[in-house]
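# Secondary and tertiary structure notes
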Amino acid sequence: MRILFCANNSPWHWPNGGLSTYLSEIVPTLLDKDHTVHILSYITHTRINSVDVSQDNLHIHYADITEYKTRNWLNRNVSGYFRRAISLPYIQLSLTRKFREVQSEFDFDIVETTAFDGIGLMPSYLSSAPCVLRLHLSPMLHPSTQDHLLDESYKFKPYLAMQNFLSRKTAQRHDHVLANSETTKSFAESQWGIENVKTLPLPMQDRDVNRYECDHDFILSCGRMTRGKGFEYIPKAMRAILAKNPDMHLYIIGGDRDVAAPFNLPSGMRDRIHTVYQLPRLKLLEYMKAAECVVLGSLWEPFGYVCLEAMMTGSIVVASSGSGFEEQIRKSGENGFLFPPENLSKLQKAVSTVLSLSSDETCRIEDNARRRAEDFLGEDTIDEQIRYYQD
């Protein structure tokens, strides 16, 4: 089978974000099963996370958006989110042109496109092959997250409007839509009026990683350092935890320093709060394995891939409720802990509970977490996706 992934990733994303992670999980398995994979993107990769792009049955096609990224007047006179909103239609046009070029050269059995962070190629009316939409939602598309962000700055308005419009139109143009979770499916059906959405989780691999060697105990919080991921309130909540546990540290691991939202670290504890940018994914898993717990505080999360990764390493996850994390942590206290987003006291209570667990209780929750994460292991999920393609 010859498959084209229209991987419309954004140059502003954390390279360990959802779409790059998805490709790094599914592509190696497809290649091992002797399928031919093509990827259309507008980021020049030498690698896509763990995927070596030099393999014979893997082909990468890049849309040239240099002229849109380097226009001096745009970079000089327009602030970040306005610039992104203005750039989206240009990127869309560039991707569409490249899609036409690639399709004229190759005969594909399946085209899988994406709607992620507002950028969707919409090749359903251009493609001669069956076209499937793999719906990767940006948390910023959810109304509750948007309301929070718009309270912070009016600059988000045009960017969010363009995101929502393009993602919704992309989804509506496809006959076949795959959602990565029931949360995503519910959003697509209720907010965008999309019917016949099939839920098929993102695949993941069971990676054997070493435990990060550290001379102190620590709590880990990771993700893109934005308000939507909870990094405005997590450090505030952790201040009380660190005060009660004088030997405990907090590690905050995120993406690119240039796009990280500013947040204030608790005063008097900065020697125990460590901020790390652009950590390779396998190294991040080592931190997860060593952490006393992993705190994930997204205001809304469509799937929660990082939650599954932490659970697979055997770490206890304390995650925000009301979105995709609840599909991994079915019941608080069984295979992890849940708390309402932005509720500092409930977050503090959950973390304190983890730190006070007996060794037997800790082992029970860690084992339950691993077993739940194993339900999402890659090969079975990818086999189901291939059968979906064939049908």
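Values in this document were obtained by computation on a predicted structure and should not be read as measured data.

## Section: unusual backbone geometry
Even without a glycine there, the phi angle at Asp-34 is positive, about 70°. Checked against the element boundaries, Asp-34 lands in the loop between helix 1 (18-32) and strand 2 (36-41). With a phi close to 55°, Asn-196 is a non-glycine residue in the positive phi region. Considering the arrangement of structural elements, one finds Asn-196 in the loop between helix 7 (182-192) and strand 10 (197-199). Given a relative accessible area of 65%, Asn-196 falls into the exposed group.

## What about the packing of aromatic side chains?
Under the criterion given, the structure shown has ten aromatic pairs. Aromatic side chains Phe-218 and Tyr-251 sit 4.8 Å apart centroid to centroid with 65° between the ring planes, which places their arrangement in the edge-to-face category. Residue Phe-218 is found in strand 11 (residues 218-222), and its partner Tyr-251 is found in strand 12 (residues 249-254); the two are separated by 33 residues along the sequence. As far as burial versus exposure is concerned, Phe-218 and Tyr-251 are alike and both buried. Between Phe-303 and Phe-376, the ring centres sit 6.1 Å apart and the planes meet at 70°, which makes this aromatic pair edge-to-face. Of the two residues, Phe-303 sits in the loop between strand 14 (294-296) and helix 10 (305-312) while Phe-376 sits in the loop between helix 13 (359-374) and helix 14 (378-390), which places them 73 residues apart along the sequence. Assessed through its relative accessible area of 4%, Phe-303 is described here as buried. A residue is classified by how much of its surface remains accessible, and Phe-376, at 7% relative accessible area, is buried. In this structure an aromatic cluster arises from ring pairing among Tyr-212, Phe-218, Tyr-251 and Tyr-287.

## A few points about the state of the cysteines
Here the structure, examined in full by the defined rule, presents zero disulfides. The cysteine Cys-131 is free of any disulfide, with Cys-6 supplying the nearest cysteine sulfur at 6.6 Å. Relative accessible area serves as the criterion here: at 8%, Cys-131 is assigned to the buried category.

## Quick notes on the packing of helix 9 (residues 281-290) against helix 10
Running from amino to carboxyl end, helix 9 crosses helix 10 at an angle of 60°, the nearest separation of the two axes being 9 Å. By the criterion of interaxial angle, the relationship of helix 9 to helix 10 is oblique. In this structure, the crossing between helix 9 and helix 10 has a hand that is right-handed. Packed against helix 9, whose contacting residues are Arg-281, Leu-285 and Met-288, the element helix 10 presents Tyr-305, Val-306, Glu-309 and Ala-310 at the interface. Partitioning the contact of helix 9 with helix 10 into residue classes produces five nonpolar, no polar and two charged.

## Quick notes on the confidence of the model for the protein
Residues of the protein with pLDDT of at least 70 account for 73%, and the chain-wide mean is 78. Within the model, pLDDT remains below 50 along residues 10-16, and this stretch shows 25 contacts once partners closer than five positions in the same chain are excluded.

## Topic: the sheet that holds strand 15 (residues 317-320)
On the basis of which strands lie adjacent, the open sheet formed by six strands has the order 13-12-11-14-15-16 and parallel pairing. The sheet is open, and its two borders are formed by strand 13 (273-277) and strand 16 (337-339), each paired with just one other strand. Mean inter-strand twist for the sheet, computed between neighbouring axes without regard to direction, equals 20°. Pairing geometry for strand 14 and strand 15, over three bridges, is parallel. Pairing of Leu-296 across the sheet is with Ala-319, part of strand 15.

About the thresholds
The residue count restarts for each chain, going from 1 along the sequence in the order it is written. Side-chain atom pairs in this predicted model are given and counted only at pLDDT of 80 or more, local residue features only at pLDDT of at least 70, and totals for whole chains, interfaces and linings cover all residues. Only heavy atoms go into the side-chain values, all of them from the structure, while hydrogens and water stay out. Note on conventions: DSSP H or I runs of at least 4 residues are helices, E runs of at least 2 residues are strands, and numbering of each starts at the N terminus. Exposure categories follow from relative accessible area, calculated using a 1.4 Å probe and restricted to protein chains: below 20% of the type maximum is buried, above 50% is exposed, and the middle band is partly exposed. Two aromatic rings from Phe, Tyr or Trp, using only the six-membered ring of Trp, form a pair when their centres are within 6.5 Å; if the ring planes differ by under 30 degrees the pair is stacked, by over 60 it is edge-to-face, and anything between is tilted. Cysteine sulfur atoms that pair up within 2.5 Å are treated as a disulfide. In this analysis an axis means a line fitted to C-alpha atoms, helices contributing only their contacting stretch, and an angle means the value between N-to-C directions, from 0 to 180 degrees. Working rule for angles: under 35 degrees goes down as roughly parallel, over 145 as roughly antiparallel, 65 to 115 as roughly perpendicular, anything else as oblique. Crossings are classed by handedness, with left-handed meaning an anticlockwise turn of the near helix from the far one by less than a right angle and right-handed meaning a clockwise turn. Contacts between residues were defined by any pair of non-hydrogen atoms, one from each residue, lying within 4.5 Å. The residue classification treats Ala, Val, Leu, Ile, Met, Phe, Trp, Tyr, Cys and Pro as nonpolar and Asp, Glu, Lys and Arg as charged. All others, Gly included, are polar. pLDDT measures the predictor's confidence residue by residue and takes values from 0 up to 100. Here, strands pair whenever DSSP counts at least two bridges between them.

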